[in-house]
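# Summary of structural features
Here is how the chains run, residue by residue.
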Amino acid sequence: MNNWKNEHEAREKIKNLVKQYYNDFKKNKKTFSEGDRITYASRVFDEKEMCALTDACLDFWLTTGRFSDEFEKKFAEWLGVKYANLVNSGSSANLVAFMALTAPELKERQIKPGDEIITVACGFPTTVTPAIQYGAVPVFLDVTIPQYNIDTSMLEKALSEKTKAVMIAHTLGNPFDLSVVKDFCDKHNLWLVEDNCDALGSKYIIGKQEYYTGTIGDIGTSSFYPPHHMTMGEGGCVYTNNPLLNRLIKSYRDWGRDCICPSGQDNYCKHRFDGQYGLLPKGYDHKYVYSHFGYNLKVTDMQAAIGCEQLKKFPLFIEKRRHNWNRLYNLLKVANDKIILPEPAKNSIPSWFGFLISLRPETGLSRNDVVGYIEKHNIQTRLLFSGNLIKHPCFDQIRDTNKYRIVGNLKNTDFIMENTFWVGVYPGMDDNMIDYMAKIILEACNC
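What counts and how
Residues numbered from 1 in each chain as written. Predicted model: local features only at pLDDT ≥ 70, side-chain atom pairs only at ≥ 80, totals over all residues. Heavy atoms only, no water. Helix = DSSP H or I, 4+ residues; strand = E, 2+ residues; numbered from the N terminus. Expected span 1.5 Å × (residues − 1). Bend = angle between axes of the 7 residues up to and from the residue. Pairing = 2+ DSSP bridges. Buried < 20%, exposed > 50% of the residue type's maximum accessible area, 1.4 Å probe, protein only. Phe/Tyr/Trp six-rings, centres within 6.5 Å; stacked < 30°, edge-to-face > 60°. pLDDT = per-residue confidence, 0-100. Contact = heavy atoms within 4.5 Å. Polar contact = N/O pair within 3.5 Å; in protein donor to acceptor, adjacent residues only side chain to side chain. Core = buried A, V, L, I, M, F, W, Y, C linked by side-chain atoms within 4.5 Å. Axes fitted to C-alpha atoms, helices over the stretch in contact; angles between N-to-C directions.

## What about helix 9 (residues 301-332)?
In this model helix 9 runs 43 Å from its N-terminal to its C-terminal C-alpha over 32 residues, within 8% of the 46 Å that 1.5 Å per residue would give. Along helix 9, the helix axis deviates most sharply at Lys313, where the bend reaches about 50°; the proline Pro315 sits within four residues downstream.

Structure below.
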């Protein structure tokens, strides 16, 4: 007991020094002045994250551990889902989510090479990459403006006898039409994967019930990369209410193994040496039985420790994002004749990731000129990710193949590729930054 007390006291002393270090060297004590750099996103943290990270470092448990367990439990509770599984990035979350649906345990609903996945071309590539790499066929639909989400009127036209799933993202915090998409998936017995990496904390209303995005489909995914709604530095999560999918998610994340023993524990199931698996000899060590072709995509406890503290702040982050988005929207309304302002989806309460702006083509404004002016004034901008993913070099090697197909045209997707950009609304911004940003955007648009 005396040794434990001494270690505890040592830890507290170290963490107090870390807190002092934060206050002396990391805490932002500068007020904003016009011309100061405004990034589109940034980490928002204090000494609590640094102390939690220090605590995990002192454990020196370098893989998934107690902080990971704590985060998965509390994150699942916050979302209102049964199961949450941490991974090392949002891209890995999408990979694991998709691969779980290729498992033979799903029988007739198993996604196989050649099966089709309905998605959009206007978005981030890692929503689509797992399907292409596996040999499934993405079916690309256009999006609507000013919601920048899937055009649900094309869903039935996209359906074929090979369709097995819909996998799409909520764009910059704005939910896609979950009522229509969910009904379509239920009607045709399709999987629905919600890429929730840019929309954590957004809500969608079905009937009189509010649900967090990512929890309405079969699987939801999140990213904790620094620009996102909350951060672990790197990190992601895959969540579901389906116990079979949960087991599959764990397997594909943890090397594809059949065993569910937590990291560092042996014989958790009490059947480590008495099973018969595949063509292996009876009693082969269950910890080294592989039922799937999986990966090692686990998060470290150091990352999870940061996430535990970020999760406590998260409701305030969401509130500040909404405040910043609404303030910017109201300031830019005067330019409605020159720019297309974004609109939240019907029945949604977005947790905004950014503020999308499209230039009206009849104005003759050049996006390069507008963005160049804004960037010249030290305000960071971003395009809507790939714009049109199909036009990127990664598609050159499959462009004239049957490895993807397009339903309808991608008119709005191409418009976004040419005319759209966005700026940040992250919770580290104050009203002075939002006001200055609006001023410069209006100047850039000759307003």
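## A few points about the sheet that holds strand 7 (residues 209-212)
Strands sit in the order 7-6-11 across an open sheet of three strands; the sheet is antiparallel. The sheet terminates laterally at strand 7 and strand 11 (348-349), the two strands that pair on one side only.

## What about the pairing of strand 14 (residues 420-424)?
Burial of strand 14 is extensive: five of the five residues sit out of reach of the surface. Alignment of strand 12 (residues 354-359) against strand 14, held across five bridges, turns out to be antiparallel. The residue bridging Gly354 from the neighbouring strand is Gly424, located in strand 14.

## Re the packing of aromatic side chains
Throughout the structure, instances matching the rule amount to 21 aromatic pairs. Judged by centre distance (5.7 Å) and plane angle (85°), the rings of Phe75 and Phe224 are edge-to-face. Residue Phe75 is found in helix 3 (residues 66-79), and its partner Phe224 is found in the loop between strand 8 (219-223) and strand 9 (236-240); the two are separated by 149 residues along the sequence. For the pair formed by Phe75 and Phe224, the shared burial category is buried.

## What about the confidence of the model for the chain?
Of all residues in the chain, 99% have pLDDT values of 70 or greater, and the mean over the chain is 96. Between the elements of the chain, mean pLDDT differs from a low of 90, seen in helix 1 (residues 2-26), to a high of 99, seen in strand 5 (residues 191-195).

## Side note on the environment of Ser222
By the secondary structure assignment, Ser222 is in strand 8. Between the C-alpha atoms of Ser222 and Tyr436, which are 214 residues apart in sequence, the distance is 31 Å. Not counting chain neighbours up to four residues away, the residues in contact with Ser222 comprise Phe75, Gly90, Ala93, Asn196, Cys197, Leu200, Gly236, Cys237 and Tyr239. At 2.6 Å, the side chain of Ser222 and the side chain of Tyr239 are in polar contact.

## Considering the nonpolar core
In this structure, Ile118, Leu141, Ile150, Val166 and Val181 are the most contacted members of the largest nonpolar core, which totals 33 residues. Secondary-structure elements contributing two or more residues to this core are strand 2 (116-120), strand 3 (137-141), helix 6 (155-158), strand 4 (163-169), helix 7 (178-188) and helix 11 (411-419). Residue contributions to this core peak at four residues, all from helix 7. Discounting residues that sit within four places of it in the chain, Val181 has contacts with Ile150, Thr152, Leu155, Val166, Phe176 and Leu192. Counting 32 residues, the second largest nonpolar core, distinct from the first, contains Ile38, Val370, Ile441 and Leu442.

## Thoughts on the sheet that holds strand 14
Taken together, three strands build an open sheet; the order of strands is 10-12-14 and the sheet is antiparallel. The open sheet has two free edges, formed respectively by strand 10 (339-340) and strand 14, since each of these has just one partner strand. Bridge count for strand 10 against strand 12 is two bridges, and the pairing is antiparallel. Within strand 12, the position partnered with Ile339 by the bridge is Leu359. Across the sheet, helix 9 lies against strand 10, strand 12 and strand 14, angled at about 25° from strand 12, the strand it touches most.

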